[in-house]
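# Coordinate inspection notes
Here are the chains, one letter per residue:
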Amino acid sequence: MKVLHNYIKATNTHKFDEVRKLLHPHAVYFFSDQTCTTHEEIQTYFENAWSIVQEENYQAQDVKWIYAGSDSATCTYTYFYEGYINGKYASGRGRATNIFVKESDEWLLIHEHLSPLPK
């Protein structure tokens, strides 16, 4: 579905106003170290990550749409990021689940859950 592509593209602008356009007003994010339940909390988390990982490129790999209906869609994928931390190249990956809902003919992200890969 194009909505995931649009979300990843918005994330890679490193401008939260672009990400916000795709967020449901009640979006909830489960990061491995924090839960964010407001756009302000989500923005702070994103902007902190962007300040740590300079020139970050974020990707969704091995995307699987486990449900795609007329009003909601859920996918899982492996996230991959790369960029520079303190001037040195860094990269990593983990697991992601995204849930999108359709409201007023617009697909919006209502939930994202990121976690490390199992060991």
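The preceding data block contains the structure.
In short, a report on the structure.

Conventions we followed
- Residues numbered from 1 in each chain as written.
- Predicted model: local features only at pLDDT ≥ 70, side-chain atom pairs only at ≥ 80, totals over all residues.
- Heavy atoms only, no water.
- Helix = DSSP H or I, 4+ residues; strand = E, 2+ residues; numbered from the N terminus.
- Buried < 20%, exposed > 50% of the residue type's maximum accessible area, 1.4 Å probe, protein only.
- Contact = heavy atoms within 4.5 Å.
- Phe/Tyr/Trp six-rings, centres within 6.5 Å; stacked < 30°, edge-to-face > 60°.
- Pairing = 2+ DSSP bridges.
- Axes fitted to C-alpha atoms, helices over the stretch in contact; angles between N-to-C directions.

Okay, the environment of Glu41 next. The residue Glu41 is located in helix H3 (residues 39-52) in this model. For Glu41, a relative accessible area of 32% corresponds to the partly exposed category. Sequence separation of Glu41 and Lys102 is 61 residues, and the distance between their C-alpha atoms is 23 Å. When sequence neighbours within four positions are dropped, the list of residues in contact with Glu41 reads Thr35 and Cys36.

Time to look at the packing of aromatic side chains. Counted under the stated rule, the structure contains 8 aromatic pairs. Both rings, one in Tyr29 and one in Phe46, keep their centres 5.7 Å apart while their planes meet at 85°; by these two values the pair is edge-to-face. Here Phe46 lies in helix H3 and Tyr29 lies in strand S1 (residues 23-30), a separation of 17 residues in the sequence. Like Phe46, Tyr29 is buried.

Quick look at the environment of Ser32 now. Tracing the backbone through its elements, the reader meets Ser32 in the loop between S1 and strand S2 (35-36). Leave out the neighbours within four places in its chain, and Ser32 touches Leu114 and Pro116.

The next point concerns the sheet that holds strand S5 (residues 88-103). The strand order across the open sheet built from 6 strands is S2-S1-S6-S5-S4-S3, with neighbouring strands paired in mixed fashion. In this open sheet, the two strands that pair with only one neighbour each are S2 and strand S3 (54-68). Bridge count for S1 against strand S6 (residues 106-116) is 4 bridges, and the pairing is parallel. What sits directly across from Tyr29, in S6, is Glu112. In the packing of helix H1 (residues 2-11) onto the sheet, contacts are made with S1, S3, strand S4 (72-85), S5 and S6, and the angle to S3 comes to roughly 165°. With respect to the sheet, H3 is in contact with S1, S2, S3 and S4, its orientation differing from that of S1 by roughly 55°.

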